[in-house]
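Descriptive analysis of the structure
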Amino acid sequence: MDGSAAGAIFFAVLFFGITFGSVSLAIAERKRRSPGGFFLVGFLLGPLGVLAAVVAAPGAPAPPPGMRAVICRRCNARQNIARDQADYECWQCKLVNPSPPTNPARYLT
Ligand SMILES: [Zn+2]
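Residues numbered from 1 in each chain as written. Predicted model: local features only at pLDDT ≥ 70, side-chain atom pairs only at ≥ 80, totals over all residues.

Further remarks concern the overall build of the protein. Helix and strand counts for the protein stand at three helices and four strands. Counting helices and strands in the order they occur from the N terminus, the protein gives α-α-α-β-β-β-β. For the protein, whose C-alpha radius of gyration is 21 Å, the value lies well above the compact-globule estimate of 13 Å for 109 residues. Each of the three principal axes of the protein carries a C-alpha extent, and together these read 70 × 35 × 25 Å. Look at the contacts in the protein between residues 6 or more apart in sequence, and 26% of them connect residues 24 or more apart. (Helix = DSSP H or I, 4+ residues; strand = E, 2+ residues; numbered from the N terminus. Rg over C-alpha atoms; globule rule 2.2 N^0.38 Å. Contact = placed C-beta atoms within 7 Å.)

All buried positions along helix α2 (residues 35-45) are accounted for by Phe38, Phe39, Val41, Gly42 and Phe43. On the buried face of α2, the contacting elements are α1 (3-30) and α3 (47-55). Following α2 by one or two positions, glycine 46 adopts a phi angle in the positive range, close to 65°. (Buried ≥ 20, exposed ≤ 12 C-beta atoms within 10 Å, placed from the backbone.)

Here we take up the pairing of strand β2 (residues 78-82). Relative to β2, strand β1 (residues 67-71) is paired through five bridges, and the arrangement is antiparallel. Its bridge partner lying in β2, isoleucine 71 is registered against arginine 78. Linking β1 back to β2 in an antiparallel pair, the connection comprises six residues, with asparagine 76 at a positive phi of about 65°. (Pairing = 2+ DSSP bridges.)

Take valine 50: it is sitting in helix α3. Using a count of 21 C-beta atoms within 10 Å as the deciding quantity, one classes valine 50 as buried. Separated by 52 residues in the primary sequence, valine 50 and threonine 102 have C-alpha atoms spaced 34 Å apart. If near-sequence neighbours (up to four positions away) are discounted, valine 50 is found in contact with Phe20, Val23, Ser24, Ile27 and Gly42.

A few words now on the domain arrangement of the protein. Split by domain assignment, the protein resolves into domain 1 (3-55) and domain 2 (67-107). Each of domain 1 and domain 2 has a C-alpha centre, and these two points are 37 Å apart. (Domains from an automatic or database assignment.)

Let us now look at the environment of asparagine 97. Within the secondary structure, asparagine 97 sits in strand β4 (residues 96-98). Among all residues touching asparagine 97, those that are not within four sequence positions of it are Cys72, Arg73, Asp87, Tyr88 and Cys90.

So, on to α1. A rise of 1.5 Å per residue sets the reference length of α1, with its 28 residues, at 40 Å; its end C-alpha atoms lie 41 Å apart and thus fit the reference within 8%. Of all the positions in α1, only Phe20, Gly21, Ser24, Leu25, Ile27 and Ala28 are classed as buried. Contacts from the buried residues of α1 go to α2 and α3. (Expected span 1.5 Å × (residues − 1).)

Have a look at this one:
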């Protein structure tokens, strides 16, 4: 194999990797999943990466502005609370949970 054939194969692999990666990224963004992660999967696996993006379960919707998503420690129900709320009552099991810290790194020092 001479240099030009190796170069052509390299650019063909790069072209198909970027193509399948971009398709996977677009599908993942619409499903609220990690676009960068699915671009990598599509780039490395080609059509199998696109298939993985198609069958992946949709991600959870982002919380509204000024709120954050928390998960009940008893029943694992997901709910949105105010960003600075100290504790909250779970809508499903009625357990009063303390709010997890907004920035865990702040509590390490
Ligand atoms: Zn609960």
